[in-house]
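Observations on chain architecture
Spelled out from the first residue to the last, the chains are:
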Amino acid sequence: MLLTPEILPAVLATGASARVASEVPARFRVGDRVRVRHHDPLTHTRLPAYLRGKLGTVEKDHGVFAFPDTRAHGLGEQPQHCYSLRFGARELWGPAAPECDSLRADVFDDYLDLA
Amino acid sequence: MNGIHDLGGKHGYGPVLPEEAEPVFQEAWEGRAFALFASTFVFAGYTVDEFRHAIEKMPPAHYLDSSYYEHWLVAFEEVLARRGIVSREDLDARVAALQGGGR
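Residues numbered from 1 in each chain as written. Chains lettered and ligands numbered in written order. Predicted model: local features only at pLDDT ≥ 70, side-chain atom pairs only at ≥ 80, totals over all residues.

Let us now look at the overall build of chain B. Helix and strand content of chain B: 5 helices and 0 strands. The order of helices and strands in chain B, counted from the N terminus, is α-α-α-α-α. Along the first, second and third principal axes, the C-alpha set of chain B runs to 40 × 30 × 25 Å. When the 103 residues of chain B are sorted by exposure, 12% land in the buried category. For chain B, the proportion of contacts with a sequence separation of at least 24, taken over those separated by at least 6, is 68%. (Helix = DSSP H or I, 4+ residues; strand = E, 2+ residues; numbered from the N terminus. Buried ≥ 20, exposed ≤ 12 C-beta atoms within 10 Å, placed from the backbone. Contact = placed C-beta atoms within 7 Å.)

Right under this line is the structure:
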């Protein structure tokens with residue numbers, strides 16, 4: 001398919017969104033304490049290394065999206081929830097970090113376990 | 001992939017210095033690289049995840065020493081070559097022609 005002026009508005013409106021319309025149950029709810037898995041594949045992942053093994057809190061459920069780890073390699077969408085998690089700065093960077101600071105990261109369901 | 005792209009939390013890269021009145025594109029070719037995404041995305045049918053992974057696989061020294069849109073160029077070459085839409089030989093010939101002053 002070629003990008004033509006006729007289809008350009010539709011392409012720009014949807015962009016490269018990975019949001020999927022599938023009904024997939026969420027494994028976690030807002031307020032849950034969750035532990036990030038030690039997920040370190042040789043292949044593509046959207047999990048930043050500094051979050052591995054860390055403890056966070058679910059603040060928001062963004063809905064269902066295609067899973068980048070499989071989609072990058074033509075292994076299907078594996079639709080799943082993606083959550084905004086809150087991590088305390090000391091959890092990530094150690095006791096010298098300011099106690100009041102925190103970081104939010106969008107994290108896929110498959111990277112997480114209930115703490 | 002635990003690669004050079006995953007820079008979050010790393011030390012030693014110095015402060016982030018936002019540029020005042022930063023232009024949308026630092027150089028004119030970057031605008032063309034940006035436009036290539038929508039057109040090649042539609043006709044070559046790759047995913048943004050495949051595109052990102054192509055950037056992650058760059059040799060680390062090249063990754064750190066190249067601009068944002070140079071990363072994109074590397075990814076375009078990788079995903080289009082993998083589909084046989086362009087060949088490595090074509091790319092090499094094009095680079096040689098440009099280095100020789102061609103357009």
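Residue and element names in this part refer to chain A. In terms of strand pairing, strand S1 (residues 33-36) meets strand S2 (residues 55-65) through 3 bridges, oriented antiparallel. Bridge pairing in S2 places Arg 33 opposite Thr 57. Examined bridge by bridge, S2 and strand S3 (residues 80-88) share 7 bridges and lie antiparallel to one another. Bridging from a neighbouring strand, Phe 65 pairs with Gln 80 of S3. (Pairing = 2+ DSSP bridges.)

Residues and elements named next belong to chain A. Examined against the element boundaries, Thr 70 turns out to sit in helix H2 (residues 68-71). Overall, the presence of 16 C-beta atoms within 10 Å leaves Thr 70 in the partly exposed class. Measuring from C-alpha to C-alpha, the distance between Thr 70 and Thr 43 comes to 8.8 Å, with 27 residues separating the pair along the chain. When residues no more than four places from it in sequence are discounted, the contact partners of Thr 70 are Leu 75, Gly 76 and Gln 78.

On to the interface of chain A and chain B, then. Opposite the 17 residues of chain A that make contact, chain B presents 17 residues. Here the residues of the side of chain A that touches chain B are counted per class, giving 12 nonpolar, 3 polar and 2 charged. (Nonpolar A, V, L, I, M, F, W, Y, C, P; charged D, E, K, R; others polar.)

So, on to helix H2 (residues 48-56) of chain B. Buried within H2 of chain B are the following residues: Asp 49, Glu 50, Phe 51, His 53 and Ala 54 of chain B. Against the buried residues of H2 of chain B lie H2 of chain A together with helix H4 (68-82) of chain B.

Quick look at the packing of H2 of chain B against H4 of chain B now. Geometrically, a packed helix pair is captured by the angle between its two axes and the distance between the axes. Residue and element names in this part refer to chain B. In contact at an axis separation of 8 Å, H2 and H4 are set at 115° when each is read in the N-to-C sense. Taken together, H2 and H4 sit at an angle that is classed as roughly perpendicular. Judged by the twist between their axes, the crossing of H2 over H4 is right-handed. Where H2 abuts H4, its residues Glu 50, Phe 51, Ala 54 and Ile 55 lie against His 71, Val 74, Ala 75, Glu 78 and Val 79. Per-class residue counts for the contact of H2 with H4 are 6 nonpolar, 1 polar and 2 charged. (Axes fitted to C-alpha atoms, helices over the stretch in contact; angles between N-to-C directions. Parallel < 35°, antiparallel > 145°, perpendicular 65-115°, else oblique. Left-handed = near helix turned anticlockwise from the far one by under 90°.)

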